[in-house]
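# Examination of the molecular architecture
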Amino acid sequence: MNNGNRPIVLVKKRKSHKHEGSHGSWKIAYADFMTAMMAFFMVMWLLSIASPKELVQIADYFKTPLKVALSGGPRSSDSVSPIPGGGEDYTQKTGEVKKEPNLDGEKRKLDDIRLNRLREKLDQLIEADPRLKALRPHLIINMVEEGLRIQIIDSQNRPMFKTGSAEVEPYMRDILRAIAPVLNDIPNRISLAGHTDDFQYAGGDRGYSNWELSGDRANASRRELVAGGLDSGKILRVLGMADTMKLKNRGGNDAVNRRISLLVLNHDTEAAIEKENAESDAVQISDPAAIEQITAPPTPEGSAVNTAAPSQPR
């Protein structure tokens, strides 16, 4: 066969489609994931170091309409009222009715943040201190409607006080003195109450009774808190509750009813206690005119009789 008739050989190479289009794409996805994680942990860190007031401001910022946030000033989109002029004023035709800030609402938000942080600090303190960690079953810490409640409970095997006495046992002293500095970290004030079981003294309520014992134990706990560093001005009230408030699903003679209840008050509860005992609502008993005003019978119109005028014979 001569060269002129030699057949032409064609070699066809097939391109491999293995991993086609995937070279490096996983790196982009991984980089996006790491960037998101970095942003997440940065946000968590910033929130952990922010003050309660700053946290409330951050929350309010994210409630702001996007148009207002971008422009940096108030716009019609900031209004929640369809009435011309805004607000509830039907007579106003232009402008916006400026709403007063809800100070009570802000105080409640700050209270929630403070008290939850306090609970976290107490949990961390208990976990870090071997003495307190061993006593964890004797501590009940929970959020209630009135604030953060810390209860130190008694047991048959480890009483908080000497039997029938207000003398503090060493482990109870350790708990109170350890938590005292943590309570100073927030401005909220404290209500302290002592509770007993329903075992009565021989003389009943006629002499020294569970009422005096619960009050004495509450005051002994107060002294230990102050000795541990608590600012004495933070105590708003000290109560002796005797056996009137047994724990739920517990018998009256159960040892756990013997407890000290420490309540870190929120703003609303503190205000209610102060109002209940406000001096402005009290009457000077030594003032005869004030006594007559209280005891005077009401007039037909519902007002008190004018005691300033001399009474006439009837």
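Residues numbered from 1 in each chain as written. Predicted model: local features only at pLDDT ≥ 70, side-chain atom pairs only at ≥ 80, totals over all residues. Heavy atoms only, no water.

### Structural notes on the overall build of the chain
Along the chain, the regular secondary structure elements total 9 helices and 5 strands. A buried classification covers 29% of the 314 residues belonging to the chain. Within the chain, contacts between residues at least 6 apart in sequence are counted, and of these 65% link residues at least 24 apart. With the model as given, the accessible surface of the chain reaches about 21,900 Å², and the carbon-plus-sulfur share is 56%. (Helix = DSSP H or I, 4+ residues; strand = E, 2+ residues; numbered from the N terminus. Buried < 20%, exposed > 50% of the residue type's maximum accessible area, 1.4 Å probe, protein only. Contact = heavy atoms within 4.5 Å. Areas by Shrake-Rupley, 256 points an atom, 1.4 Å probe, with all protein chains shown as cover.)

### What to know about a nonpolar patch on the surface
Together, Phe40, Phe41, Val43, Met44, Leu47 and Ile58 give the surface a local cluster of nonpolar side chains, amounting to about 520 Å² of exposed area. Along the polypeptide, isoleucine 58 turns up in helix 2 (residues 52–63). (Patch = residues over 30% accessible without salt bridge, like charges linked within 9 Å, V, L, I, M, F, W, Y side chains within 5 Å. Salt bridge = Lys/Arg side-chain N within 4 Å of Asp/Glu carboxyl O.)

### Description of the pattern of salt bridges
Summed over the entire model, instances satisfying the criterion amount to 13 salt bridges. Note that glutamate 169 and lysine 162 form a salt bridge whose closest N and O atoms lie 3.8 Å from each other. A relative accessible area of 16% means that glutamate 169 is categorised as buried. The exposure class of lysine 162 is partly exposed, given its relative accessible area of 35%.

### Describing the sheet that holds strand 5 (residues 259–265)
In any sheet, the strands associate via hydrogen bonds between backbone groups, in a parallel or an antiparallel arrangement. Pairing within the open sheet is mixed, and its 5 strands lie in the order 1-2-5-3-4. One side of each edge strand has no neighbouring strand; the edge strands of this open sheet are strand 1 (139–144) and strand 4 (235–240). The sheet shows a mean angle of 15° between the axes of neighbouring strands, taken without regard to direction. Bridge count for strand 1 against strand 2 (residues 147–153) is 6 bridges, and the pairing is antiparallel. Residue leucine 139 lies in a different strand from strand 2, and its bridge partner there is isoleucine 152. Of the strands in this sheet, strand 3 (190–195), strand 4 and strand 5 touch helix 7 (residues 210–227), which is tilted by about 150° from strand 4. (Pairing = 2+ DSSP bridges. Axes fitted to C-alpha atoms, helices over the stretch in contact; angles between N-to-C directions.)

### Some remarks on helix 8 (residues 267–276)
All of the buried residues in helix 8 are Thr269, Glu270 and Ile273. Buried residues along helix 8 cover an arc of 100° about the axis, so they all sit on one side. (Arc of directions from axis to C-beta.)

### Here's the deal with the packing of helix 6 (residues 170–183) against helix 7
Remark: helix 6 packs on helix 7, axes separated minimally by 7 Å, with the N-to-C direction vectors making an angle of 55°. Regarding the angle of helix 6 to helix 7, the classification is oblique. Of the two elements, helix 6 crosses helix 7, and the hand of that crossing is right-handed. Each of Met172, Arg173, Leu176, Arg177, Ile179, Ala180 and Leu183 in helix 6 lies in contact with helix 7, whose residues at this interface are Ser221, Glu224, Leu225 and Ala227. Split into classes, the residues belonging to the contact of helix 6 with helix 7 amount to 7 nonpolar, 1 polar and 3 charged. (Parallel < 35°, antiparallel > 145°, perpendicular 65-115°, else oblique. Left-handed = near helix turned anticlockwise from the far one by under 90°. Nonpolar A, V, L, I, M, F, W, Y, C, P; charged D, E, K, R; others polar.)

### Quick word on the packing of aromatic side chains
Taken as a whole and assessed by the stated rule, the structure comprises 2 aromatic pairs. Aromatic pair phenylalanine 40 and phenylalanine 41: ring centres 5.4 Å apart, planes at 70°, arrangement edge-to-face. What makes phenylalanine 40 partly exposed here is its relative accessible area of 43%. On the basis of an interplanar angle of 85° and a centroid distance of 5.6 Å, the ring pair of tyrosine 201 and tyrosine 208 is categorised as edge-to-face. We note arginine 158 situated over the ring of tyrosine 171; from NZ or CZ to the ring centre the distance is 5.2 Å. (Phe/Tyr/Trp six-rings, centres within 6.5 Å; stacked < 30°, edge-to-face > 60°. Lys NZ or Arg CZ within 6 Å of the ring centre and 35° of its normal.)

### Thoughts on the confidence of the model for the chain
Taken over all residues, the pLDDT of the chain has a mean of 78, while the share at 70 or more is 68%. A low-confidence stretch, residues 81–87 (pLDDT under 50), is modelled with 17 contacts involving residues beyond four sequence positions or located in other chains. The model gives residues 302–314 a pLDDT under 50, and that stretch makes 13 contacts with residues more than four places away or in other chains. (pLDDT = per-residue confidence, 0-100.)

### Here's the deal with the environment of asparagine 219
Along the chain, asparagine 219 turns up in helix 7. In sequence terms asparagine 219 and glycine 240 are 21 residues apart; their C-alpha atoms lie 8.9 Å from each other.

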